[in-house]
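# Working through the structure, step by step
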Amino acid sequence: MDQLRDLVTQAELLPSPTVNLSCLGVFPGGVLHLVAVPDARLLAVQELAHRACVRAASTKDLWRHYAPGGWTPHVTLGYGLTPAELATAAEVVLPRLTL
């Protein structure tokens, strides 16, 4: 619990990141997402969170996708979608994006 408090304290010292969304994307497994363009502040918060996780857990329990340099900032819209569902979702979402 002290590690979590330390993380929150350190994160509060950083300026709030601005999250800009750039496009629609798909991860393996039918995960539809909006891609976030990371700025230095967002990457700093992510690195801080990752360091705290490394201290609190075994590194074998951490996905490499969450490591600094391997993380893809995004907003998940749906997961487990079939190719047909992904196509339908893209048809619905893309015209409504004002990125």
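Notes on the structure in this doc start here. Residue indices begin from 1 for each chain and proceed along its sequence in written order. Side-chain atom pairs in this predicted model are given and counted only at pLDDT of 80 or more, local residue features only at pLDDT of at least 70, and totals for whole chains, interfaces and linings cover all residues. Excluded from the side-chain calculation are hydrogens and water; included are all heavy atoms of the structure.

Time to look at the nonpolar core. In a soluble, globular protein the nonpolar side chains are often hidden away together inside. By nonpolar core we mean a set of buried residues, namely Ala, Val, Leu, Ile, Met, Phe, Trp, Tyr and Cys, connected to one another through side-chain atoms within 4.5 Å. In this scheme, a residue with accessible area under 20% of its type's maximum is buried, one over 50% is exposed, and one in between is partly exposed, where area comes from a 1.4 Å probe on protein chains only. L24, L32, L34, L86, A89 and A90 together form the largest nonpolar core, which totals six residues. Under the DSSP-based scheme used, a helix requires at least four consecutive residues in state H or I and a strand at least two consecutive residues in state E, with every element numbered from the N terminus. Listed by contribution, the elements that provide at least two residues to this core are β2 (31-37) and α3 (83-93). A contact between two residues is defined here by any heavy atoms of the two lying within 4.5 Å. Not counting residues up to four positions away in its chain, the partners in contact with L24 are L32, H33, L34, L77, A90, V93 and L94.

For H33, the location among the structural elements is in strand β2. Excluding residues within four positions of it along the chain, H33 makes contact with C23, L24, G25, V26, F27, H74, V75, T76 and L77.

What follows covers the layout of surface pockets. As defined here, a cavity is a set of points on a 1 Å grid over the protein atoms alone where a 1.4 Å probe fits but cannot get out. A pocket is an open set with protein on both sides within 12 Å along at least five of seven lines, and residues line them when an atom is within 4 Å of a point. Grid points are joined across faces, edges and corners, and a volume is the space filled by probe spheres set on the points. What the largest pocket holds in volume is close to 220 Å³. Lining the largest pocket are F27, W63, H65, Y66, G70, W71, T72 and H74. Nonpolar residues are Ala, Val, Leu, Ile, Met, Phe, Trp, Tyr, Cys and Pro. Charged residues are Asp, Glu, Lys and Arg, and all others, Gly as well, are polar. Of the residues contributing to the lining of the largest pocket, the split by class is four nonpolar, four polar and no charged.

Here the focus is helix α2 (residues 40-56). To estimate the expected span of a helix, subtract one from its residue number and multiply by 1.5 Å. With 17 residues, α2 extends 24 Å from end C-alpha to end C-alpha; this agrees with the ideal 24 Å at 1.5 Å per step. Residues of α2 that are buried: L42, Q46, L48, H50 and A52.

Time to look at α3. Restricting attention to buried positions, one finds in α3 the residues L86, A89 and A90. Along the long axis of α3, the arc covered by the buried residues comes to 100°, so they all point the same way. Facing away from the buried side of α3 by more than 90 degrees, the exposed set consists of A84 and E91. Packed against the buried residues of α3 are β1 (20-27) and β2. The arc in question is the one spanned by the directions pointing from the helix axis to the C-beta atoms.

Moving on, we get to the pattern of salt bridges. For this document, the term salt bridge refers to a Lys or Arg side-chain nitrogen within 4 Å of an Asp or Glu carboxyl oxygen. In the structure shown here, the tally under the stated rule is two salt bridges. Notably, a salt bridge pairs R41 with D39, separated by 3.3 Å at the nearest N-O pair. For R41, a relative accessible area of 32% translates into the label partly exposed. In this structure D39 comes out as partly exposed when scored by relative accessible area, which is 22%. Close ionic contact of R51 with E47 constitutes a salt bridge, the shortest N to O distance being 3.6 Å. Note that R51 and E47 are positioned in helix α2 at a spacing of four residues, about one turn of the helix. Here R51 falls in the partly exposed class, since its relative accessible area comes to 39%. According to the relative accessible area criterion, E47 is partly exposed, its value standing at 37%.

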